[in-house]
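# Close look at the chain arrangement
The primary structure of each chain is shown beneath.
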Amino acid sequence: MTRMDEKRRRANLRRRNTAFAIFSIALMLMSTVVFSAGTKADEPPQPTPNYTVDGVPQSLDTENVRQIPIETPVPTDTPEMAVILADGLRVGALDTAGEAQYVLDSLLAYFTAQDETMENVAFAQEVQVVSLPKAGRISSPEELYLKLRDDIVAAAQGDKTPPIGITATRVETVTERIDYDTVYFDDDSMAEGAVNVHTNGVRGKRRATYVCTYINGMVAEREMLSETVLKEPVSRVSRRGTAQIAAQPGADGTVPVFMMPVDGRISSYYGERRGRMHYGLDVPMPEGTELAAALGGEVTFAGERGNYGLLVEIDHGNGFVTRYGHNSKNLVKVGQKVSKGQTIALVGNTGNSACPHVHFEIRLHGAAVDPFPYFHR
Ligand SMILES: [Zn+2]
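Before going into details, it helps to say that this report is about the structure given with it. (Residues numbered from 1 in each chain as written. Predicted model: local features only at pLDDT ≥ 70, side-chain atom pairs only at ≥ 80, totals over all residues.)

## Some details on helix α3 (residues 97–114)
Spacing of three or four residues puts side chains on the same side of an α-helix, whose turn is 3.6 residues. Our working rule: Here a strand is any run of E in DSSP of at least two residues, a helix any run of H or I of at least four, and the numbering for each starts at the N terminus. To estimate the expected span of a helix, count its residues, drop one, and scale the result by 1.5 Å. Here exposure depends only on C-beta density: within 10 Å of a residue's C-beta, 20 or more other C-beta atoms make it buried, 12 or fewer make it exposed, and intermediate numbers make it partly exposed, the C-beta atoms being placed from the backbone.
Along its 18 residues, α3 runs 26 Å from first to last C-alpha, staying within 8% of the 26 Å computed at 1.5 Å per residue. Burial within α3 is extensive, with 13 of its 18 residues counted as buried.

Shown next as structure tokens:
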């Protein structure tokens, strides 16, 4: 046989197979049309089904045409049933594949008609209809359709996970905020590990279009299609300490170990902050939280003092003094001896303070020092 003959022979075979395949598809379509009858012309367009019947995908692209088996099934005497599988799990059994198609088509049609803004309505699982020897319970198409439909509706209300779910997409446009990022610059006047905000960040705004994928009425995935920035965000600028600052010793040459007056996250460190010097540490805390003496000593001030609001000052000897500002209530008096960890006041928002916090300072021979190195050693 020449190469030309071989080509022609193959072309003929292909034509015959294709013709047969189209014939099979036509048969199947006729049954689908019959079973989906009852939908009106002005209803939303029928979705493309995404399930298979006996291994044949229920859609009309040429890829699938080629997959149709040409062999006629061997006739058997065993009665068969059509089983609907979702991700391989049995959902229900019906007498015929046509009835199974009716159930699946009706489900898609129902959920397509539920919300006209939803597109690409399809099954969330890989749904197949397979022929198996008759066994077990056989449902009526109406009964199975209603059961599956009600299960999906219940799932949309968060009740349970249905054996077959519905996925759909919707294009949504929203106006939303854009978060700002933080840029850091090193500051060798601050202790390593300390971070102070230099300039506040400003959130931006955008109009964004998303494709949202819903499963049983709940958003499962969001993918941005496009965005129009209405307002650019402005980065927050923060100083980051790099200095290996050593704790300075007191008058007798020793370095005392202080404890934090409250157990919380430091919101502002010692150092320059928005162009002004910050002489202590700020720790936000709920109003009324007990705060403790950072070291044992004698109370040298307890009262109102300008920006500090209600202030407690303790002298620890060796040149060290600590200050605790913005209190709601002071619990100690001048001249009183206190021990390390003893409650001396309650956290508040007095003086120059935007929200309840402790302002804590350590002073050595009258000058504020960075408290940070005095904790971790
Ligand atoms: Zn402060």
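## Regarding the sheet that holds strand β12 (residues 236–243)
This is how it is decided: Strand pairing is assigned whenever DSSP identifies at least 2 bridges connecting the two strands. Interaxial angles span 0 to 180 degrees and are taken between N-to-C directions of axes, which are lines fitted to C-alpha atoms, for helices over the stretch in contact.
With mixed pairing, three strands are arranged side by side in an open sheet as β8-β12-β9. Looking along the sheet, the strands with just one partner apiece sit at the ends: β8 (182–191) and β9 (195–199). In this sheet, adjacent strand axes meet at a mean angle of 35° when their direction is disregarded. In the sheet, β9 pairs with β12 via four bridges, with the strands oriented antiparallel.

## Some words on unusual backbone geometry
One non-glycine residue, D87, adopts positive backbone phi at about 50°. In this fold, D87 is placed in the loop between β3 (80–86) and β4 (89–94). Notably, H326 is not glycine yet its phi reads approximately 70°, a positive angle. Inspection of the secondary structure puts H326 in strand β19 (residues 320–327). Its 26 C-beta neighbours within 10 Å are what place H326 among the buried residues.

Any functional reading would require information beyond the geometric quantities listed.
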